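# Commentary on secondary and tertiary structure
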Amino acid sequence: MPNSQYEKLARGALLEITTDAAIGALVGEQVEGDGIVSVLFASALPGYPGWNWTVSVAHVEGEEPTILEAELMPAEGALLSPDWVPWSERLAEYKAAQAAAEAADAENATADEAADDDDDLEDDEDDDDEDDDAFGSAVLHGGDLDGVDIDASDDESDDDEDDDDIDDDDIDEDEDDDDDDDDLDGDSDDDEPDDDYDTGAFRGGDHEGVSVDDLDESDEDD
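All of these numbers come straight from a predicted model, not from anything done at the bench. (Residues numbered from 1 in each chain as written. Predicted model: local features only at pLDDT ≥ 70, side-chain atom pairs only at ≥ 80, totals over all residues. Heavy atoms only, no water.)

## Side note on the overall build of the protein
Each helix and strand counted, the protein has four helices and four strands in total. Reading the secondary structure of the protein in the N-to-C direction produces α-β-β-β-β-α-α-α. At a minimum sequence separation of 6, the contacts of the protein that also span at least 24 residues come to 29%. (Helix = DSSP H or I, 4+ residues; strand = E, 2+ residues; numbered from the N terminus. Contact = heavy atoms within 4.5 Å.)

## A few points about the nonpolar core
Leu 14, Val 39, Phe 41, Trp 53 and Val 55 are the most contacted members of the largest nonpolar core, which totals 13 residues. Elements that contribute at least two residues to this core include exactly α1 (7-14), β1 (23-33), β2 (36-43) and β3 (51-58). (Core = buried A, V, L, I, M, F, W, Y, C linked by side-chain atoms within 4.5 Å. Buried < 20%, exposed > 50% of the residue type's maximum accessible area, 1.4 Å probe, protein only.)

## Overview of the packing of aromatic side chains
Going through the model one piece at a time under the given rule, you end up with one aromatic pair. For the ring pair Tyr 48 and Trp 51, a centre distance of 5.2 Å and an interplane angle of 90° mean the geometry is edge-to-face. Given the relative accessible area of 16%, Trp 51 is considered buried. (Phe/Tyr/Trp six-rings, centres within 6.5 Å; stacked < 30°, edge-to-face > 60°.)

## Structural notes on a negative patch on the surface
A cluster of acidic residues, Asp 112, Glu 113, Asp 116, Asp 117, Asp 118, Asp 119, Asp 120, Glu 122, Asp 123, Asp 124 and Glu 125, forms a negative patch on the protein surface. We classify Glu 122 as partly exposed; its relative accessible area is 46%. (Patch = residues over 30% accessible without salt bridge, like charges linked within 9 Å, V, L, I, M, F, W, Y side chains within 5 Å. Areas by Shrake-Rupley, 256 points an atom, 1.4 Å probe, with all protein chains shown as cover. Salt bridge = Lys/Arg side-chain N within 4 Å of Asp/Glu carboxyl O. Lys, Arg positive; Asp, Glu negative; His and termini not counted. Charge placed at Lys NZ, Arg CZ, Asp CG, Glu CD.)

## A closer look at the side chain of Ser 56
Tracing the chain through its elements places Ser 56 in strand β3. Accessibility expressed as a relative area gives 9% for Ser 56, which makes it buried. Setting aside residues no more than four positions away along its own chain, Ser 56 makes contact with Val 37, Ser 38, Thr 66, Ile 67, Leu 68 and Glu 69.

## Section: the sheet that holds β2
If you trace the four strands from one edge of the open sheet to the other, you get β1-β2-β3-β4, paired in antiparallel fashion. The sheet is open, and its two borders are formed by β1 and β4 (66-74), each paired with just one other strand. Shown here is a sheet whose adjacent strand axes are inclined to one another by a mean of 20°, direction ignored. In this sheet, β3 lies alongside β2 in antiparallel orientation, the contact comprising seven bridges. Each residue of the ladder has a partner; that of Ser 38, found in β3, is Ser 56. (Pairing = 2+ DSSP bridges. Axes fitted to C-alpha atoms, helices over the stretch in contact; angles between N-to-C directions.)

## Concerning the environment of Glu 64
With respect to the secondary-structure elements, Glu 64 resides in the loop between β3 and β4. When its relative accessible area of 66% is taken as the criterion, Glu 64 is described as exposed. Apart from residues lying up to four places away in sequence, Glu 64 is in contact with Ala 58 and His 59.

## Some details on unusual backbone geometry
Residues other than glycine seldom take positive phi values, yet Asp 34 does so here, at roughly 60°. Relative to the helices and strands, Asp 34 is located in the loop between β1 and β2.

## A few points about α1
Along α1, the residues that are buried comprise Ala 10, Ala 13 and Leu 14. Here the buried residues of α1 occupy an arc of 100° about the axis, which is enough to place them on one side. Against the buried residues of α1 lie β1, β2, β3 and β4. (Arc of directions from axis to C-beta.)

This is the structure:
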């Protein structure tokens, strides 16, 4: 167990600046030279593990030893605070860290957008496949609407118009045939007066089936 002739003197000096409970066991003493000796005590102060109380004692031959100073010093392996860094350097480090965080956020956002675009593209492709299955065709012409081929619709419309034109022509021909039949009926009506008078023709001057010449002869006889 270490001992020192200055232990009692050094502990008394520490009690002037701290409590007895904060002073641990004697660690030893170190000769500094020129009659100066450092007396070391373990620190029992909360928050300072591995630290030592150090009391410097001056002893000149022929004189009583005296206290030079007392302080708390870190020992090997003591818990230390980080080195002091100027504010300008700390600010620069802070700005660099912020810029790196923003770049990482932007990169993550870009990756998320790319993933969303891929999902949307896959959804569109699935929808296209469903449309192709529904209409039975994988490709539609430009201008087609709701899966209906406009070119096919135009062809069907043209066919309907041609059918309408043919029907109109048939109707016109039927009407012409009816007119011809009416003309023939009119000619038959012209033959009826000939049958009534039992003659095919009258001479000029005849009237209502009576020969004008016969009338003239009757007048002469009278």
